[in-house]
Amino acid sequence: MGEKIVKPWVHWLLPGSYPEFNALFESNLASIRMRAGLVGQHANALGLHFSAGDVVPTQAQTIVIGKIGYDCGQGRAVSWLKQIKKAKLAELKVILDYTDHHLANVSSSMHPFYAQSLPFIDRAVVSSEKMQNHLREFFNGPIEIIADPIEVQLRPPRTAPINGTPKVLWFGHSTNIVYLVNYLENETLCDSNFNLLLLTNEAGAQIFSSRAIRVKGNIQVHLAPWSLSNMTVAANSCHACLISSNIEDRKST
């Protein structure tokens, strides 16, 4: 009998509990679906044992720090930092998956956690060269770029109707609603009539619905919950997609 091969154990620190990797793909956070989710999906092929969630198993040999979330001040930051420090004392490898530039925003609820975790990080992973440059200002260790994948099948743009009203898609998390509102209220940029299909989470729908938005054109808005399947269906019926952001903030990657 040959010796039993023990797979290296990688644990991804994420808010919540994920007994099955498929649950990662149900998250409305792209940083969970497209990064931790893919590693979990292909763990066997990579020769890894994979786990994810708030609690690091004692068998874990490598810890990847995912996005901690805005509610981190309610105990999660303290818990994660305690586990990260314990891992370093045990000489485990700790990797930071850095997808938003919270270190640059001292008012962010996540800023203290990232700032305090840096001394215990062996290396970091980012999604773009620009984010690599951002993080380099705070971290001197190795920083590797692993770009986000494309989650859905590419579709050619539809031709806008000549006489009808075009349908425009916007999708995003509640934290990005402010970018959409700023665009809609900018009379220089947004001056046309269109029907807007807005896919977001429950918090995003509440934020958008509670705003008294002043627009120049005639814009009819239809709200629907975000999901990959809903986004795929919506893309088939829309003529354009809005991707609104701000090049000066943490979402600039």
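Higher on the page you've got the structure.
Residues numbered from 1 in each chain as written. Predicted model: local features only at pLDDT ≥ 70, side-chain atom pairs only at ≥ 80, totals over all residues. Heavy atoms only, no water.

### Things to note about helix H3 (residues 76-89)
For an α-helix the count is 3.6 residues per turn, leaving residues at separations of three or four pointing the same way. With 14 residues, H3 extends 20 Å from end C-alpha to end C-alpha; this agrees with the ideal 20 Å at 1.5 Å per step. Listed as buried for H3 are Arg76, Ala77, Trp80, Leu81, Gln83, Ile84 and Ala87. The buried side chains of H3 occupy one side of the element, clustering within an arc of 165° when seen end-on. Residues of H3 that are exposed and point over 90 degrees away from its buried face: Val78, Lys82, Lys86 and Leu89. Buried residues belonging to H3 abut strand E1 (9-13), strand E3 (62-65), strand E4 (93-98) and helix H4 (111-117). Following H3 by one or two positions, Glu91 has its phi on the positive side, about 60°. (Helix = DSSP H or I, 4+ residues; strand = E, 2+ residues; numbered from the N terminus. Expected span 1.5 Å × (residues − 1). Buried < 20%, exposed > 50% of the residue type's maximum accessible area, 1.4 Å probe, protein only. Arc of directions from axis to C-beta. Contact = heavy atoms within 4.5 Å.)

### Thoughts on the sheet that holds strand E2 (residues 49-53)
Taking strand neighbours across the sheet as the criterion, the six strands line up as E2-E1-E3-E4-E5-E6 in an open arrangement whose pairing is parallel. Of all strands in the sheet, those bounded by a partner on one side alone are E2 and strand E6 (143-145). Taken over all neighbouring pairs, the strand axes of this sheet differ in orientation by 20° on average, direction set aside. (Pairing = 2+ DSSP bridges. Axes fitted to C-alpha atoms, helices over the stretch in contact; angles between N-to-C directions.)

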